[in-house]
Amino acid sequence: MLHIENLVASYGNVRVLHDITLTVPKGKLVALIGSNGAGKTTTLRAISGMLAPESGSITLGGHEIAGLPSYEITRFGLAHSPEGRRVFATLPVRDNLLLGAYPRLTGARARGDVDADVERMFELFPRLRERSDQLAGTLSGGEQQMLAMARALMLNPEVLLLDEPSMGLAPRLVGEVFSIIARLKEANITMLLVEQFAAAALEVADFGYVLENGNITLSGDAAMLRNDPAVRDAYLGGSH
Amino acid sequence: MSILMQLVVSGMAVGMIYGVIAFGYQLTFATSKTLNFGQGEALMLGALVGLTAINFLIGQSLGTFWAYLLMLPIVLAFGALQGTVVEWLGVRQAIKTKSEAGWIMATIALGIIFKNVAENVWGRDALKFPSPLPEASLSFWGIRIQPMEIAIVIGAVGMMLAVEFFNRRTILGKAVVATANDRDAAGLMGIDTAKVITFSYALSSMTAAFAGVLVAPVTLTGATMGAVLGLKAFAVAIIGGLSSGLGVVVGGLILGVTETLTGYYISTGYKDVPGLVLLLLVLSLRPSGLFGKATIKKV
């Protein structure tokens, strides 16, 4: 579904991604793990057009999307729940959700039933229903994370990129976020997940990639990576 | 007392004009963090195009009132086009290269060019603009008001409410607000934010052109009418805050009223001083504006 080959990307003169090749098969959940600064977020930003890659190929459902602006990539069905949530603070929760469906509401993507999808999001994230008329800026961090995920899902995406959905959340909420990711996986949503909680990510994922200093150093079945001694030492720690 | 009330009421009409131009500054600042320093010239061009249009329509043996109404869509369309040109020539490249000052010089330069063009097309004299409403004042409890002054207040408030309604109720309006909130995140939603910025420039010049034909019947029309209005409206935008719609209305009214009061009680020669003093006070005591939220620019 999503295929990245020899992706190279830089911030100014600093090369962050050296040579990334990875594949997210349809209906699968792929976890991208690695330490801070390894290039996980940059990989997602390059895929969704927030950062123009220097070279390499990114295809989504057969369409080459590398170097296109974000808004055009969205039309091919790529949704990105970005690092730091980035909800629209001065708009109500419901409007944030509708904006997630912007390409559907403006004819750039098949419309479907947007209202029914808003309802579906309220079922998946009941707290958003209680807050539906509240401004997104007044939500708690956990609620904003739910909103960012729900907003991305409103695209009816072919592929969903999730960047650190657990960041800054209380442990109870981290569990809640991962149970929602598991439910999305049951619904056969194709996902690429970037996570600091590598153990939890590999627990729920089908495949995993390990990113180190802008290079993929290891990849394979999530279960296999979980049991790999090198991965255990570097990312999983004793406690997980 | 009735003199004071008279002065307050007279100040309100011009204050609303300041408010609606300042609102135009806000529209582009919200989406792009840039301003059109030729906003006064957008107003002036709107008024002069409106003058030519209304005189043509009156020449088609239409009454002044109907000619004025028919002229409005022409002026609004012209304003939108003019704003698009300004964004295209003066702002787009500066935003793309993240230039901090390029758009300032470019919009000032375009403003000067527009003024020169206007001087050559319409001449240097101040021209009378036909009033669509009777010019005789109405009297309410001893306070005299020109019908056109009432129309200014209604028109200005109506324009701002229309934009507010568009932003809150339509998906395209929500896309504008989303772009103002977070341009990158708006792009991730599938919003073409460059187009949204062009649109906000079109809308901004459209409000200025509209303000031009609102104020023209009570003032005179000419190539130099925009400069002072644009500058004062900029003061209003700073006083009211660049992010608050209510702020520019209140700021505009404060400036309009203090000007008429100063003109009467002190001297018309000092008419422009209190507004500028107020501007300096706000800048030193509350730099984000009376109604603005404090923001810290991260470097």
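Residues numbered from 1 in each chain as written. Chains lettered and ligands numbered in written order. Predicted model: local features only at pLDDT ≥ 70, side-chain atom pairs only at ≥ 80, totals over all residues. Heavy atoms only, no water.

Asks: Lay out the overall build of chain A in plain terms, naming residues and giving numbers.
Replies: If you tally the helices and strands in chain A, you get 11 helices and 10 strands. Over its C-alpha atoms chain A spans a radius of gyration of 17 Å, differing by no more than 12% from the 18 Å that the globule rule assigns to 240 residues. Referenced to the eigenvectors of the C-alpha coordinate spread, the extents of chain A come out at roughly 45 × 40 × 30 Å. Within chain A, the proportion of its 240 residues that are buried is 54%. Accessible surface computed for chain A: about 9,800 Å², of which carbon and sulfur atoms make up 48%. Side chains of chain A carry 22 positive and 27 negative charges; the gap between the two charge centres is 4 Å. (Helix = DSSP H or I, 4+ residues; strand = E, 2+ residues; numbered from the N terminus. Rg over C-alpha atoms; globule rule 2.2 N^0.38 Å. Buried < 20%, exposed > 50% of the residue type's maximum accessible area, 1.4 Å probe, protein only. Areas by Shrake-Rupley, 256 points an atom, 1.4 Å probe, with all protein chains shown as cover. Lys, Arg positive; Asp, Glu negative; His and termini not counted. Charge placed at Lys NZ, Arg CZ, Asp CG, Glu CD.)

Asks: Explain the interface of chain B and chain A residue by residue, including any values.
Replies: One widely used convention gives an interface's size as the accessible area the parts lose upon coming together. Between chain B and chain A, the residue contacts involve 18 residues of the former and 21 residues of the latter. Regarding the contact of chain B and chain A, the summed buried area is about 1,800 Å², with carbon and sulfur atoms giving 66% of it. Contact with chain A buries area across many residues of chain B, yet B:Ile171, B:Leu188 and B:Met189 alone supply 37% of it, more than any other trio. Applying the counting criterion to the chain B and chain A interface returns three salt bridges. Residue A:Arg86 is joined to B:Asp184 by a salt bridge in which the shortest nitrogen-to-oxygen separation is 3.6 Å. For the interface between chain B and chain A, the tally reads seven residue pairs in polar contact (both at pLDDT 80 or more). (Contact = heavy atoms within 4.5 Å. Buried area = accessible area lost by both parts, 1.4 Å probe. Salt bridge = Lys/Arg side-chain N within 4 Å of Asp/Glu carboxyl O. Polar contact = N/O pair within 3.5 Å; in protein donor to acceptor, adjacent residues only side chain to side chain.)

Asks: Outline the confidence of the model for chain B, listing residues and values.
Replies: On average, chain B scores 90 in pLDDT, and the residues at 70 or more come to 97%. Prediction confidence for the complex, expressed as pTM and ipTM, is 0.90 and 0.93 respectively. (pLDDT = per-residue confidence, 0-100.)

Asks: Kindly report on the environment of A:Glu119, identifying the contributing residues and their values.
Replies: All names here are of chain A. With respect to the helices and strands, the residue Glu119 is situated in helix H5 (residues 114-124). Judged by its relative accessible area of 34%, Glu119 is partly exposed. Separated by 10 residues in the primary sequence, Glu119 and Arg129 have C-alpha atoms spaced 8.5 Å apart.

Asks: Outline the side chain of B:Ser200, supporting the account with residue identities and numerical values.
Replies: All names here are of chain B. Residue position: Ser200 is located in helix H8 (residues 193-215). Judged by its relative accessible area of 3%, Ser200 falls in the buried class. For Ser200, the side chain forms a polar contact with the main-chain oxygen of Ile197, separated by 2.8 Å. With near-sequence residues (within four places) excluded, Ser200 lies in contact with Leu27, Thr28 and Thr31.

Asks: Before we move on, can you summarise H5(A) with the specific residues and values?
Replies: All names here are of chain A. Among all positions of H5, only Val114, Asp117, Val118, Met121, Phe122 and Leu124 are buried. Each buried residue of H5 lies within a common arc of 165 degrees when the element is viewed along its axis, so the set occupies one face. Residues of H5 that are exposed and angled more than 90 degrees away from the buried face: Asp115 and Glu123. Capping the start of H5, Asp113 holds a side-chain oxygen 3.4 Å from the backbone nitrogen of Asp115, two or three residues further along. (Arc of directions from axis to C-beta.)

Asks: I'd like a rundown of the pairing of strand S4 (residues 55-60) of chain A, residues and numbers included.
Replies: Residues and elements named next belong to chain A. In terms of strand pairing, strand S1 (residues 2-11) meets S4 through five bridges, oriented antiparallel. Of the residues in S4, the one forming a bridge with Ile4 is Ile58. The pairing of S4 with strand S5 (residues 63-64) spans two bridges and is antiparallel. Within S5, the position partnered with Leu60 by the bridge is His63. (Pairing = 2+ DSSP bridges.)

Asks: Tell me about the nonpolar core, and name the residues and values.
Replies: The nonpolar side chains of a soluble globular protein tend to be buried, and buried together. With 67 residues, the main nonpolar core has B:Ile17, B:Ile21, B:Tyr68, B:Met71, B:Phe129 and B:Val213 as its most contacted residues. Counting 52 residues, the second-largest nonpolar core is a separate cluster that includes A:Leu29, A:Ala31, A:Ile180 and A:Ala222. (Core = buried A, V, L, I, M, F, W, Y, C linked by side-chain atoms within 4.5 Å.)

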